[in-house]
Amino acid sequence: MSNCSRTALVFAECADGKLRRVALEALGAARQLVQDGGAVHAVLVGGGTAASEAAAELAARGAGVVHVIDDPALAQFAPEAYAAAIGAAVAAVRPSMILLGHTAAGRELAPRVAAAVRGGHIADVTAVETTDGGDAVFTRPLYAGKAFERRRFLPGAPWVITVRPNNLPLADGVPPDRQGVIAALPFTAPPLSTTVLAIARKADAGGVDLAEADIIVAGGRGVRSAAGFAPLQALAQTLGGVLGASRGACDAGYCDYSLQIGQTGKTVTPKLYIACGISGAIQHLAGMSQSRVIVAINKDPEAPIFSIADYGIVGDLFEIVPLLTKRFQLLLSQPGD
Amino acid sequence: MNMVVLVKQTFDTEEKIELAHGAINEDHVKFIINPYDEYALEEALRLREKHGGRVTVAACGPSRAAETLRTALAMGADEAVLIEESGLGEDGHTIAAALAAAVKELAPDLVLAGLFAIDRGAGSIALQVAERLRLPHAAAALKIEIHRNVETPAAAASPADTELAQSPSPDFTAVVQRDTEWGLETVQLPLPALITAQQGLNEPRYPSLPGIMKAKRKALHHLTIAELDLTPDDLNPRTERLALLSPPPRAAGRKLAGTPEEQADALAGLLRSEAKLF
Ligand SMILES: Cc1cc2nc3c(=O)[nH]c(=O)nc-3n(C[C@H](O)[C@H](O)[C@H](O)COP(=O)(O)OP(=O)(O)OC[C@H]3O[C@@H](n4cnc5c(N)ncnc54)[C@H](O)[C@@H]3O)c2cc1C
């Protein structure tokens, strides 16, 4: 595929009416992949006033055309309706590549979009390299990070790419004279076979997905009870982070499986990972060992988690974690140097 | 109720991944059913106990995947299909095409699969199969209830829209509780449909001794791609692997000494001054 024929379509995912950061990471990848002479389109699904802010941001960061699709069926995420909306954008744009975040929604949409266009899907991309000749190589984890592979697309079919949150740079702003245009795309949702009967919203999700979080405070069996997560929650709140867990903690019923990090849970790459009362089983390490800075707090000096921790504290988490919270409350009220 | 469960054989989660000569070393490796597929299979067995019917397990993989299918039969599946992967490459497009072709022939009411496979971790193939067969899906199920329809519910799509139109009118409706980023969502969809299993859906059973004995007599069909209704384009891989890499090595850092107060102070200080985090 020569550069000039490349056209990208980015699914600009929103959460609670706001553009998700991963949408701008996907946009950055799209701009890198089409290179000079290519076109980058974005599609915003679900309208309202928030969409116009999101659309403006996409246009300011290099989306040449922002297609806004609105329909009552798109008010909340519904895979059938959203896949149909992306299908409408694909029909309008005829992209050579479609990019989405490797988020819960992206993971549901991308395979359907890929199969619909009979394209390839490279999922959970953590790095994108391009050469001047137009070659593109994608790095992605295997076994939740126990290994990595580099893949490329073969010629002849559209590309579908899902990018792992937190790994690719955000799309830069473009000069005002190169900002994109915003256009409504006509769309009528097809009859849907799936109906949503109820949603029990998570109280503490706060809109931050574990995979997108910059800071994670994770608890293991060492927290001993559901209430044992309270000091971890306080630390996470102080640091502007979110809670995570080992399978040990989930199996023991101290927390929800949705918090599980590891080979059979979520793979995360935050800037800071604080493991509290987690031994560091191979399945857990697989899911978090690519974090930028790892802190381990464990009372067992031989715990395997220390073998990958940048900073280790041998001690009782119930003593250390509240002290850390206090220390950080103080520190964060003072400017850094 | 006729069910198909898509299963994949994966490395045991305890295994370290060693690279040798540009490939992953498989010597002395223990293989298991992908844990998420095991939840899907367990759910199919429980649904059969409740509603009757058949459970067929289908895999696409190398010949060693037959062991995994035997285990699935020992757990209680009625029948197994192994599509030999040779000629398919290791690309989602071709594998989804082959699985979709095999599933279509079985004309199931319900297709179950794991949320993702813990080796490649893409979570792509099952939903590509759903799209190819024009089945609605519910992802990341934590609870599945199947209701036999008294009358066709108004919400149900006409079965003529799906590639599985040979199955009778929508006899069943699924009510699925699924795990999403925003909370627990309950959805209703008509069968035929595809549902993926999330961890927490159930506690998979171990194969019993009589189960293992019975499994030896159950049918395990080997299919080659030539026996499936596939177009030349279905067999054209869309992606290829260029290289395998080990993760960047991570050296152990240091342990912070002192009283708990001193340790906490030191950590907070280092995260700011050395790690430049705050
Ligand atoms: C198929 C399969 C898949 C799996 N997938 C995953 C996965 O995705 N993610 C995952 O995490 N695990 C997974 N596991 C489980 C994994 O093997 C471990 O059992 C699990 O990670 C252990 O959790 P843990 O570290 O919380 O508990 P433990 O191993 O019991 O460790 C608890 C730790 O807490 C420390 N501790 C106790 N009290 C205190 C205290 N007061 N202060 C400080 N430290 C304390 C102890 O020293 C110990 O190191 C999987 C296992 C299997 C078989």
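Analysis parameters
What you see as residue numbers is a count from 1 along each chain, following the sequence as written. To label them, take the chains in the order written and letter them from A, then take the ligands in the order written and number them from 1. Selection of residues for local features in this predicted model requires a pLDDT of at least 70, selection of side-chain atom pairs for listing and counting requires 80 or more, and totals for whole chains, interfaces and linings are taken over all residues. Side-chain measures were taken over the full set of non-hydrogen atoms in the model, leaving aside hydrogen atoms and water. Numbering goes from the N terminus for both helices and strands, where a helix is a DSSP run of H or I of at least four residues and a strand is a run of E of at least two. Burial classes follow relative accessibility: with a 1.4 Å probe on protein chains only, a residue under 20% of its type's maximum area counts as buried, one over 50% as exposed, and anything between as partly exposed. The criterion used for residue contact is that any of the two residues' heavy atoms lie within 4.5 Å. Computed with a 1.4 Å probe, the accessible areas rest on the Shrake-Rupley method; for each residue, only the protein chains presented here act as cover. A residue counts as positive if it is Lys or Arg and as negative if it is Asp or Glu; His and the chain ends are not included. One atom stands in for each charge, and that atom is NZ of Lys, CZ of Arg, CG of Asp or CD of Glu. By this rule the span expected of a helix is its residue count minus one, scaled by 1.5 Å. For every domain, the bounds stem from an assignment made automatically or drawn from a database. By definition, the buried area sums, over both parts, the 1.4 Å-probe accessible area that each loses when the two are put together. Salt bridge, as used here, is a side-chain nitrogen of Lys or Arg placed within 4 Å of a carboxyl oxygen of Asp or Glu. Criterion used throughout: strands pair if DSSP finds at least two bridges between them. Centre distance within 6.5 Å is the pairing criterion for rings of Phe, Tyr and Trp, where only the six-membered ring of Trp is used; planes under 30 degrees apart are then read as stacked, over 60 as edge-to-face, and the remainder as tilted. Two thresholds decide whether a charge sits over a ring: the Lys NZ or Arg CZ must be within 6 Å of the ring centre and within 35 degrees of the ring normal. In these notes, residues near a molecule or strand are those with any non-hydrogen atom within 4 Å of it. Polar contacts here mean pairs of N or O atoms no more than 3.5 Å apart (in protein, one a potential hydrogen donor and the other a potential acceptor; neighbouring residues in sequence count only if both atoms are side-chain atoms). Each residue gets one of three labels, nonpolar for Ala, Val, Leu, Ile, Met, Phe, Trp, Tyr, Cys and Pro, charged for Asp, Glu, Lys and Arg, and polar for the others, Gly among them. A right-handed crossover is one whose linking path, passing over the helix from the first strand to the second, runs clockwise when the strands point away from the viewer. To count toward a patch, a residue needs a relative accessible area over 30% and no salt bridge; like charges are then connected within 9 Å, while nonpolar side chains (Val, Leu, Ile, Met, Phe, Trp, Tyr) are connected within 5 Å. Disulfides are defined as pairs of cysteine sulfur atoms found within 2.5 Å of each other. An axis is simply a line fitted to the C-alpha atoms; with a helix, the fit covers only the stretch in contact. Between two such axes, the angle follows the N-to-C directions and lies from 0 to 180 degrees.

1. Some points on the overall build of chain B
Reasoning step 1: A tally of helices and strands in chain B yields six helices and 15 strands.
Reasoning step 2: For chain B, the spread of C-alpha atoms along the principal axes amounts to about 70 × 45 × 45 Å.
Reasoning step 3: Here chain B, with 278 residues, has 56% of them falling under the buried criterion.
Reasoning step 4: Taking all contacts inside chain B whose residues are at least 6 apart in sequence as the whole, residues at least 24 apart take part in 75%.
Reasoning step 5: In the structure as shown, chain B presents an accessible area of about 11800 Å², 52% of it carried by carbon and sulfur atoms.
Reasoning step 6: In chain B, 28 side chains carry a positive charge and 40 a negative one; their mean positions are 3 Å apart.

2. Looking at helix H3 (residues 92–106) of chain B
All names here are of chain B.
Reasoning step 1: Between the first and last C-alpha of H3 there are 21 Å, a value that for 15 residues agrees with the 21 Å anticipated at 1.5 Å per step.
Reasoning step 2: With respect to burial, H3 is a largely interior element, 12 of its 15 residues being buried.
Reasoning step 3: Buried within H3 are the following residues: Gly92, His93, Thr94, Ile95, Ala96, Ala97, Ala98, Leu99, Ala100, Ala101, Ala102 and Val103.

3. Some remarks on the domain arrangement of chain B
Reasoning step 1: Per the domain assignment, the segments of chain B are domain 1 (2–227) and domain 2 (252–278).
Reasoning step 2: Here the C-alpha centroids of domain 1 of chain B and domain 2 of chain B sit 47 Å apart.

4. Comments concerning helix H2 (residues 65–75) of chain B
Reasoning step 1: Counting buried positions along H2(B) gives eight out of 11 residues, so the element sits mostly inside the fold.
Reasoning step 2: Of all the residues in H2(B), the buried ones are Ala65(B), Ala66(B), Thr68(B), Leu69(B), Ala72(B), Leu73(B), Ala74(B) and Met75(B).

5. Observations regarding the interface of chain B and chain A
Frequently, the measure chosen for interface size is the accessible area that the parts lose on association.
Reasoning step 1: Facing the 81 residues of chain B at the interface are 90 residues of chain A.
Reasoning step 2: Of the roughly 7600 Å² buried where chain B meets chain A, counting both sides, 56% is carbon and sulfur surface.
Reasoning step 3: Contact with chain A buries surface across chain B, with Glu181(B), Trp182(B) and Arg250(B) losing the most and accounting together for 11% of the total.
Reasoning step 4: Seen at the junction of chain B and chain A, the total is eight salt bridges.

6. Some thoughts on the pairing of strand E11 (residues 159–163) of chain A
Residue and element names in this part refer to chain A.
Reasoning step 1: For E11, a buried count of five out of five residues is recorded, marking the element as mostly surrounded by other parts of the structure.
Reasoning step 2: Burial along E11 is two-sided: Trp159, Ile161 and Val163 and Val160 and Thr162, pointing in opposite directions, are all buried.
Reasoning step 3: Pairing of strand E6 (residues 97–101) with E11, which is carried by five bridges, proceeds in the parallel orientation. Paired with Leu99 across the bridge in E11 is Ile161.
Reasoning step 4: Relative to E11, strand E7 (residues 120–125) runs parallel, the two sharing four bridges. Within E11, the residue paired with Ile122 across the bridge is Ile161.

7. Quick word on the packing of aromatic side chains
Reasoning step 1: If you walk through the whole model with that rule in mind, you get 11 aromatic pairs over all chains.
Reasoning step 2: Centre to centre, the rings of Phe138(A) and Phe153(A) are 5.5 Å apart; their planes meet at 80°, and the pair counts as edge-to-face. Placement of the pair is Phe138(A) in strand E9 (residues 136–142) and Phe153(A) in strand E10 (residues 147–153), with a sequence separation of 15 residues.
Reasoning step 3: With a relative accessible area of 0%, Phe138(A) lands in the buried category.
Reasoning step 4: Taken together, the ring pairs connect Phe11(A), Phe77(A), Tyr82(A) and Trp182(B) into an aromatic cluster.
Reasoning step 5: The ring centre of Phe306(A) lies 4.7 Å from the NZ or CZ of Lys255(B), which sits over that ring.

8. Some words on the site of the ligand
Reasoning step 1: Inspection of the region around the ligand gives 27 residues, with Arg221(A), Ser246(A), Thr264(A), Ser279(A) and Asn298(A) positioned closest.
Reasoning step 2: Among the chains of the assembly, those with residues near the ligand are chains A and B.
Reasoning step 3: Side-chain polar atom of Ser279(A) to an oxygen atom of the ligand: 2.7 Å apart, as the coordinates give it.
Reasoning step 4: At 2.9 Å from a nitrogen atom of the ligand is found a side-chain nitrogen or oxygen belonging to Asp316(A).
Reasoning step 5: Look at the ligand: alone it shows 980 Å² of surface, and the protein chains cover 80% of it.
Reasoning step 6: Those elements that provide at least two residues to the shell around the ligand are helix H6 (247–251), helix H7 (282–288) and helix H8 (317–332) of chain A.
Reasoning step 7: Across the shell around the ligand, the residue classes tally to five nonpolar, 16 polar and six charged.

9. Some thoughts on the pairing of strand E15 (residues 242–245) of chain A
Both faces of the sheet carry side chains from a regular strand, because those side chains alternate between them.
Residue and element names in this part refer to chain A.
Reasoning step 1: Residues Val242 and Gly244 line one face of E15 and the alternating positions Leu243 and Ala245 line the opposite face, and both faces are buried.
Reasoning step 2: In this structure, strand E14 (residues 215–219) lies alongside E15, joined through four bridges in parallel fashion. When the bridges of E15 are listed, Ile216 appears paired with Val242.
Reasoning step 3: Assessed by its sense of winding, the connection that carries the chain from E14 through helix H5 (residues 230–239) to E15 is right-handed.

10. Overview of a nonpolar patch on the surface
All names here are of chain B.
Reasoning step 1: A cluster of nonpolar side chains, contributed by Leu209, Ile212 and Met213, occupies part of the molecular surface with about 290 Å² of accessible area.
Reasoning step 2: Tracing the chain through its elements places Ile212 in helix H5 (residues 209–215).
Reasoning step 3: Residue Ile212 is classed as partly exposed on the basis of its relative accessible area, which comes to 35%.

11. Side note on a negative patch on the surface
Reasoning step 1: Judged by side-chain charge, Asp316(A), Glu319(A), Glu261(B) and Glu262(B) come together as a negatively charged surface patch.
Reasoning step 2: Residue Asp316(A) is classed as partly exposed on the basis of its relative accessible area, which comes to 35%.

12. Quick notes on the state of the cysteines
Disulfide: a covalent bond formed between the sulfur atoms of two cysteine residues.
Residues and elements named next belong to chain A.
Reasoning step 1: Taken as a whole and assessed by the stated rule, the structure comprises zero disulfides over all chains.
Reasoning step 2: Cysteine Cys255 remains unbridged, with the sulfur of Cys250 as its closest cysteine sulfur at 3.8 Å.
Reasoning step 3: With relative accessibility at 16%, the residue Cys255 sits in the buried group.
Reasoning step 4: Of the cysteine sulfurs around Cys276, a residue in no disulfide, the closest is that of Cys255, at 13 Å.

13. Some points on unusual backbone geometry
Reasoning step 1: Between Leu191(B) and Pro192(B) the backbone carries a cis peptide bond, its omega angle lying at 5°.
Reasoning step 2: Tracing the chain through its elements places Pro192(B) in the loop between strand E11 (183–190) and strand E12 (193–197).
Reasoning step 3: Phi is positive for Arg94(A), which is not a glycine, with a value near 50°.
Reasoning step 4: You can call Arg94(A) exposed: its relative accessible area is 67%.
Reasoning step 5: Here the phi dihedral of His28(B) falls at roughly 60°; this positive angle occurs in a residue that is not glycine.
Reasoning step 6: Structurally, His28(B) is set in the loop between strand E4 (23–24) and strand E5 (31–33).

14. Here's the deal with the sheet that holds E9(A)
Reasoning step 1: Read from one edge to the other, the open sheet built from four strands follows the order E8(A)-E9(A)-E10(A)-E14(B), with strand pairing classed as antiparallel. Strands at the two margins of the open sheet, each flanked by one partner only, are strand E8 (127–130) of chain A together with strand E14 (239–245) of chain B. Each strand of the sheet is rotated relative to its neighbour by a mean of 25°, with strand direction disregarded.
Reasoning step 2: Along the sheet face, helix H1 (residues 21–34) of chain A touches E8 and E9 of chain A and points at about 20° away from the line of E8(A).

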